[in-house]
Amino acid sequence: RHVKSPIGLARLVMDVSPHVMLSGQGAEEFALEQGLEPVANRYFVTERRQRELAAALDASAGSFRESLMGTVGAVALDAAGDLAAATSTGGMTAKRWGRVGDSPVIGAGTYAANDCCAVSATGHGEYFIRAAVARDICARVQYTGASLAEAADAVVKGQLAEMGGEGGIIAIDPAGNLSLTFNTAGMYRASIDTRGRVYVAIFGDE
């Protein structure tokens, strides 16, 4: 609630603690011990998200959805051949207190391993957790010989869609192949390669 950079804190949990995940007050305490800048909780409040919350509270509980623009994800391949993924999100609007989405769950919203791929996901988190989307994509690449695109399509446009889950992923493999795959009308996405070539798109036909 008071950590200015959740991604920065997640990196510290990975690098300087023996744990995979910290939450709640324990995470706040760890952040202070590591010298991260605390902020008032109102730092995270925006007018747009307040309007979104008001609309969600007027709806039925079953219609609560992830924010359309609440997730920021990144995947990368460096010069040494190391793959990395990071995912940060505002989460589901009007979620129940204590709800944990897919973004911090390794294998659901985020996964990276040098022998297969790196994946960052966005969408209806409950479905991404149930389908272990990020890990499933990488496992298909690792164990079945599927290309990254084939694996992503099978999981996101196949299994996830069949379950009723909406969303998408960005992913990269050890050869630098990209997959920007989604089962919705659009997904904010961009990429840049070693030559500085930039791709930016929103809708499916771009």
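Up top is the structure these notes are about.
Presented here is an overview of the structure given in this document. (Residues numbered from 1 in each chain as written. Predicted model: local features only at pLDDT ≥ 70, side-chain atom pairs only at ≥ 80, totals over all residues. Heavy atoms only, no water.)

With respect to the packing of aromatic side chains
Heads up, the rule is: In this scheme Phe, Tyr and Trp rings, the latter by its six-membered ring, pair at centre separations within 6.5 Å, and the angle between planes marks the pair as stacked below 30 degrees, edge-to-face above 60, and tilted otherwise. We call a residue buried when its accessible area falls under 20% of the maximum for its residue type, exposed when it is over 50%, and partly exposed in between, using a 1.4 Å probe and counting protein chains only. When the NZ atom of lysine or the CZ atom of arginine is within 6 Å of a ring's centre and also within 35 degrees of its normal, the charge is said to sit over that ring.
One pass over the structure, following the stated rule, counts 1 aromatic pair. When the ring of Y43 is compared with that of F44, the centres are 5.2 Å apart and the planes differ by 90°; the resulting orientation is edge-to-face. In this structure F44 comes out as partly exposed when scored by relative accessible area, which is 35%. One Lys or Arg, R130, reaches over the ring of Y127 and ends 5.4 Å from the middle of that ring.

A short note on the pairing of strand β4 (residues 117-123)
This is how it is decided: Secondary structure counts use DSSP, requiring at least four H or I residues in a row for a helix and at least two E residues in a row for a strand, with both numbered from the N terminus. DSSP bridges decide pairing: two strands pair if at least two such bridges lie between them.
Among the 7 residues in β4, 6 count as buried, and that is most of the element. With 4 bridges connecting them, strand β3 (residues 110-113) and β4 associate as antiparallel partners. Within β4, the residue paired with Y111 across the bridge is V119. Hairpin geometry of β3 and β4 is characterised by an intervening segment of 3 residues between the two adjacent antiparallel strands. With 6 bridges connecting them, β4 and strand β5 (residues 167-172) associate as antiparallel partners. Across the sheet, the residue bridging to G123 is G167, located in β5.

So, unusual backbone geometry
The backbone of A132 sits at a positive phi, close to 45°, despite the residue not being glycine. Locating A132 in the fold gives a position in the loop between α4 (125-130) and α5 (133-144).

Side note on the side chain of E28
Defined as follows: For the purpose of counting charges, residues Lys and Arg are taken to be positive, whereas Asp and Glu are taken to be negative. His and the chain ends are not included. Counted as salt bridges are all cases of a side-chain nitrogen of Lys or Arg within 4 Å of a carboxyl oxygen of Asp or Glu. Note on contacts: a residue pair qualifies if any of its non-hydrogen atoms lie within 4.5 Å across the two residues.
Checked against the element boundaries, E28 lands in helix α2 (residues 24-33). The side chain of E28 is buried and forms no salt bridge, while R1, the nearest opposite charge, is found at 6.1 Å. Setting aside residues up to four positions removed in sequence, E28 forms contacts with R1, H2 and V3.

Let's talk about the pairing of strand β6 (residues 178-182)
Bridging between β5 and β6 involves 5 bridges; their strand directions are antiparallel. In the strand pairing of β6, A171 is matched with S179.

A few points about the state of the cysteines
This is how the line gets drawn: Working definition: a disulfide is two cysteine sulfur atoms within 2.5 Å of each other.
Counted according to the given criterion, the structure contains 1 disulfide. Here C117 pairs with C138 through a disulfide, and the sulfurs are 2.3 Å apart. The sign of the -125° torsion about the S-S bond sets the C117-C138 disulfide as left-handed. Residue C117 is located in strand β4, and its partner C138 is located in helix α5; the two are separated by 21 residues in the primary sequence.

Brief notes about the packing of α5 against helix α6 (residues 148-163)
The angle between the axes and the distance between the axes are what describe a pair of packed helices. To be explicit about the condition: The axes are straight lines fitted to the C-alpha atoms, using for helices just the contacting stretch, and the angles between their N-to-C directions are given from 0 to 180°. Oblique is the label for every angle not falling under 35 degrees (roughly parallel), over 145 degrees (roughly antiparallel), or within 65 to 115 degrees (roughly perpendicular). When the near helix sits turned anticlockwise from the far one by under a right angle, the crossing is termed left-handed; a clockwise turn instead gives a right-handed crossing. Three classes are used: nonpolar for Ala, Val, Leu, Ile, Met, Phe, Trp, Tyr, Cys and Pro, charged for Asp, Glu, Lys and Arg, and polar for all others, with Gly counted as polar.
Between α5 and α6, the least distance of the axes is 8 Å, while the angle of their chain directions is 140°. Of the possible angle classes, the one that applies to α5 and α6 is oblique. α5 and α6 meet at a crossing whose hand is right-handed. Where α5 approaches α6, its residues V133, D136, I137, R140 and V141 are matched on the opposing element by L148, A151, A152, A154, V155, V156, Q159 and L160. Here the residues of the contact of α5 with α6 sort into 10 nonpolar, 1 polar and 2 charged.

A look at the packing of helix α1 (residues 6-16) against α2
Two elements in contact, α1 and α2, have axes whose closest approach is 10 Å; the angle formed by their N-to-C orientations is 80°. By the criterion of interaxial angle, the relationship of α1 to α2 is roughly perpendicular. Between α1, through L9, L12, V13 and V16, and α2, the contact on the second element is made entirely by A27, F30 and A31. Residues that form the contact of α1 with α2 fall into these classes: 7 nonpolar, no polar and no charged.

Re the pattern of salt bridges
All told, the structure shown has 9 salt bridges when counted by the stated rule. Across the pair K4 and E37 runs a salt bridge whose closest N-O atoms are separated by 3.7 Å. Of this pair, K4 sits in the segment before α1 while E37 sits in the loop between α2 and α3 (47-57), and the two are 33 residues apart along the sequence. Residue K4 is classed as partly exposed on the basis of its relative accessible area of 36%. Judged by relative accessible area, E37 falls into the partly exposed class, the value being 47%. Notably, a salt bridge pairs D153 with K157, separated by 3.8 Å at the nearest N-O pair. Of this pair, D153 and K157 are both found in helix α6, 4 residues apart, which corresponds to roughly one turn of the helix.

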